[in-house]
Amino acid sequence: MVLFILFTAIGLTFKLKILSLEEKKELKGIFTVKWLLFSHTFSIEEPEESESLPEEPEKLKKDKAVKGKQSEIDLKKTEKVRVTTEPQDKTEVKKKRDIEEREVEKEREVEKEREVEKEREVEKEREVEKEREVEKEREVEKEREVEKEIIEENEKKEKRSIIEKIRGKKKPEIEKAPESGMTSREKLHWVMEAFRSLRRPLFRLFSDLLNGIKIKRLESYVMFGLSDPADTGMLCGFIHAVAGLAYNRCKNCSFSINPVFMNPMVDFKGDMEIRVRIYSLIYPMLKFMFNRKTLSFTYSIIKEKLWGKQKLNS
């Protein structure tokens, strides 16, 4: 059963479509996995951007409401003026005009009160901002005072240590806390050591994994263009070199590479089918793990870590 699972192949199918133009942008794809009776497809699609309008601030809403009310008041005034033209008696006209003037005066007073309330709200907001600024300044002053106290304490300690040295007393050793993590120099050192010792095993692992992957079918259509025609030509040459390597590994391959030297654009359509056997991936990994150089490198890391811990404990 184990041998049957190891020697069965996993099928991977990729279908991808990319379009990038000034007028239109599109990204779609399908990724299918097949192994024994298991089969599942994953769809890749660029999410559509939902155009959400920015919310209006509260002040603009209030101003719009006030303007709407003022327009209603103006309409009422015009209607009342039209009504006053209809009656013929002068006394009735005068009475109606007096009533209209009183109503207009009341409306003006109401508007003035609203403006006064708005000014008060603005003043309150300003006072709140001033209080916040004052609180920030107080916090900054407190931090400065704390820093001054720390500096003064350090100066006192230095003076005491100098006096103790003059008298012949030894300065009490300060216990340093162990540093957590690795410094940038240590990381760079370990990266260089890993590159020196694991360069060849990693290259072998990469080549063995590529040999274990078999390309059954590969079809692609590429039309591209960059802002600089010289860059377009260089990229075209690189793609042709990669296509030559793919031709050596795949029998059913077809490429269509069309460079565009006038306009920057990308149009790609691809379809690929890959078969991978599990043993072809497990064996190179085990070979890399049990290599003499990888084992010596891991042993050196463990040894240095343990030695550093023993040094701190002692």
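Rules and cut-offs
Residues numbered from 1 in each chain as written. Predicted model: local features only at pLDDT ≥ 70, side-chain atom pairs only at ≥ 80, totals over all residues. Heavy atoms only, no water. Patch = residues over 30% accessible without salt bridge, like charges linked within 9 Å, V, L, I, M, F, W, Y side chains within 5 Å. Areas by Shrake-Rupley, 256 points an atom, 1.4 Å probe, with all protein chains shown as cover. Salt bridge = Lys/Arg side-chain N within 4 Å of Asp/Glu carboxyl O. Helix = DSSP H or I, 4+ residues; strand = E, 2+ residues; numbered from the N terminus. Buried < 20%, exposed > 50% of the residue type's maximum accessible area, 1.4 Å probe, protein only. Pairing = 2+ DSSP bridges.

Asker: Teacher, can you tell me more about a nonpolar patch on the surface here?
Answerer: Together, Ile282, Met285, Leu286, Met289, Phe290 and Leu295 line one region of the surface with nonpolar side chains, adding up to about 570 Å² of accessible area. Here Met289 lies in helix α7 (residues 279–289). Looking at Met289, the relative accessible area reads 47%, which means it is partly exposed.

Asker: Would you take a moment to explain the pattern of salt bridges for this structure?
Answerer: Close approach of charged atoms allows side chains of opposite charge to pair. On inspection of all chains with the given rule, the structure shows 6 salt bridges. A salt bridge links Arg217 to Glu273, with the shortest nitrogen-to-oxygen separation between them at 3.7 Å. With Arg217 in strand β4 (residues 213–225) and Glu273 in strand β6 (residues 265–277), this residue pair connects regions lying 56 residues apart in the sequence. Accessibility expressed as a relative area gives 25% for Arg217, which makes it partly exposed. In this structure, a network of salt bridges that share partners links the residues Arg217, Asp271, Glu273 and Arg275.

Asker: How should I be thinking about the pairing of strand β2 (residues 25–35) in this particular structure?
Answerer: The side chains of a regular strand alternate between both faces of the sheet. As defined by bridge partners, strand β1 (residues 9–20) adjoins β2 across 10 bridges and the pair is classed as antiparallel. In the sheet register, Leu16 faces β2, and the bridge partner there is Gly29. Between β1 and the antiparallel strand that follows it, β2, lie 4 residues. Two elements, β2 and strand β3 (residues 38–45), share 8 bridges in a ladder whose sense is antiparallel. By the bridge assignment for β3, Gly29 is matched with Ile44.

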